[in-house]
Amino acid sequence: METPAPLIDPFARAIDYLRVSVTDRCDFRCVYCMSENMTFLPKKELLTLEELDRMCSTFIRLGVKKLRITGGEPLVRKGIMTFFESMTRHLDSGALRELTLTTNGSQLARFADQLYAAGVRRVNISLDTLDEKKFADITRWGRLPQVLNGIDAAQKAGLRVKINAVALKGFNEEELFTIQDWCASRDMDLTWIEVMPMGDLGNEDRLDQYWSLKDLRARLAERYTLTDLAERSGGPARYVKVEETGQKIGFITPLTHNFCESCNRVRLTCTGELYMCLGQEDMADLRAPLRASPDNAVLEEAIRAAIAQKPKGHDFDYSRQTVDGQMTRHMSHTGG
Ligand code: SAM
Ligand code: SF4
């Protein structure tokens, strides 16, 4: 079969990274992500596992090299291991370079070995605190020991673990060094994330929780020598090396417009909506073209048309002490 032209957006960015939210459901209710009483999508709205396979396989045919599975909590979707296992063929053929996931870790004790067997080599695990009580508070429904068991299982299975922690003012400020030391002691990478204005601000005031990574970094620099690394992943993370420990720390600062120009990714929701930018409302429905015909040509055309609409960047801005560019959808919708 002839090789199709790669996906290039109007700003000459090659799109080779697809993030797929496979469910909007979750076994946690993190305060910055979901409200306590969420209404989830009816099952018939979701892409089936077979449809997810077809969708991802089409993106891979069009040049996607990296697939990140997220959610909601991806590992609570029934039968999701079948999907991971079906993606193994693209790793085996060399078409796909990396299959990975972002998880809250709660189900890893059960699935880590199977993920490794399917070809997953790295996982991002979200964890904002090492204090049991605080963990229960921030996740509402989560329990820390279960996640720590999951992390143990992941490392035992041979998965490389990166911890993602949301920086929250007055919440995990004093754990800055504890979390970093803990990651170093377990040979895990660490990335700090700025809290983003997603979801309904009515319940939780995101601005109060906002702890700028500029401040966080300055606090780290009081104790350690930090060297900027040139390394970029095409995404919003910047990395520093901690000279004293050799550790690599990432900072995800979506609120400064400093990464859009190298953006290589798009996001697919569990209902088949393609978001071309995390910070914009524009999306394209890919479920209709997928279901319209068993022939992937219709879907491919819809994907190309969507990529042609990828905006230049997002409009998040806290600088005026109000939340501009706020998104009404929850992070669990697009998976972060
Ligand atoms: N359930 C999985 C997890 O928690 O890792 C995957 C989905 S979760 C939506 C993906 C990431 O988004 C997590 O690291 C979470 O901390 C982050 N996140 C959720 N809401 C956020 C917000 N308002 N601002 C910044 N990060 C957020
Ligand atoms: Fe669930 Fe992840 Fe959102 Fe927490 S951040 S509620 S674990 S989807």
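Since the model is a prediction, treat every value here as computed from it, not as a measurement.

Procedures and definitions
Residues numbered from 1 in each chain as written. Chains lettered and ligands numbered in written order. Predicted model: local features only at pLDDT ≥ 70, side-chain atom pairs only at ≥ 80, totals over all residues. Heavy atoms only, no water. Near = heavy atom within 4 Å. Polar contact = N/O pair within 3.5 Å; in protein donor to acceptor, adjacent residues only side chain to side chain. Areas by Shrake-Rupley, 256 points an atom, 1.4 Å probe, with all protein chains shown as cover. Helix = DSSP H or I, 4+ residues; strand = E, 2+ residues; numbered from the N terminus. Nonpolar A, V, L, I, M, F, W, Y, C, P; charged D, E, K, R; others polar. Buried < 20%, exposed > 50% of the residue type's maximum accessible area, 1.4 Å probe, protein only. Contact = heavy atoms within 4.5 Å.

S.K.: Where do I start with the site of ligand 1 in this structure?
M.R.: Neighbouring residues of ligand 1: 17 residues in total, closest Y32, G72, T103, S126 and M196. Contact between ligand 1 and S126: an oxygen atom at 2.5 Å from a side-chain N or O atom of the residue. Protein chains shield 95% of the accessible area of ligand 1, which is 550 Å² for the free molecule. Sorting the residues of the shell around ligand 1 by element identifies strand 3 (98-103) and strand 6 (189-194) as the ones contributing at least two each. Split by residue class, the shell around ligand 1 holds seven nonpolar, eight polar and two charged.

S.K.: Where do I start with unusual backbone geometry in this structure?
M.R.: For residues besides glycine, phi is generally negative; the peptide bonds are generally trans as well. One non-glycine residue, R140, lies in positive phi territory at about 60°. Among the structural elements, R140 can be located in the loop between helix 4 (132-139) and helix 5 (144-157).

S.K.: Any chance you could explain the environment of M276 here in plain terms?
M.R.: Along the polypeptide, M276 turns up in the loop between strand 11 (273-275) and strand 12 (283-285). On the accessibility criterion, M276 (4% relative accessible area) is buried. When the C-alpha atoms of M276 and A306 are compared, they prove to be 7.4 Å apart, with 30 residues separating the residues in sequence. Ignoring sequence-local partners within four residues, the contact set of M276 consists of R265, V266, D282, M283, A284, A306, Q309, K310 and P311.

Without other data, these values stay purely geometric and don't point to any function.
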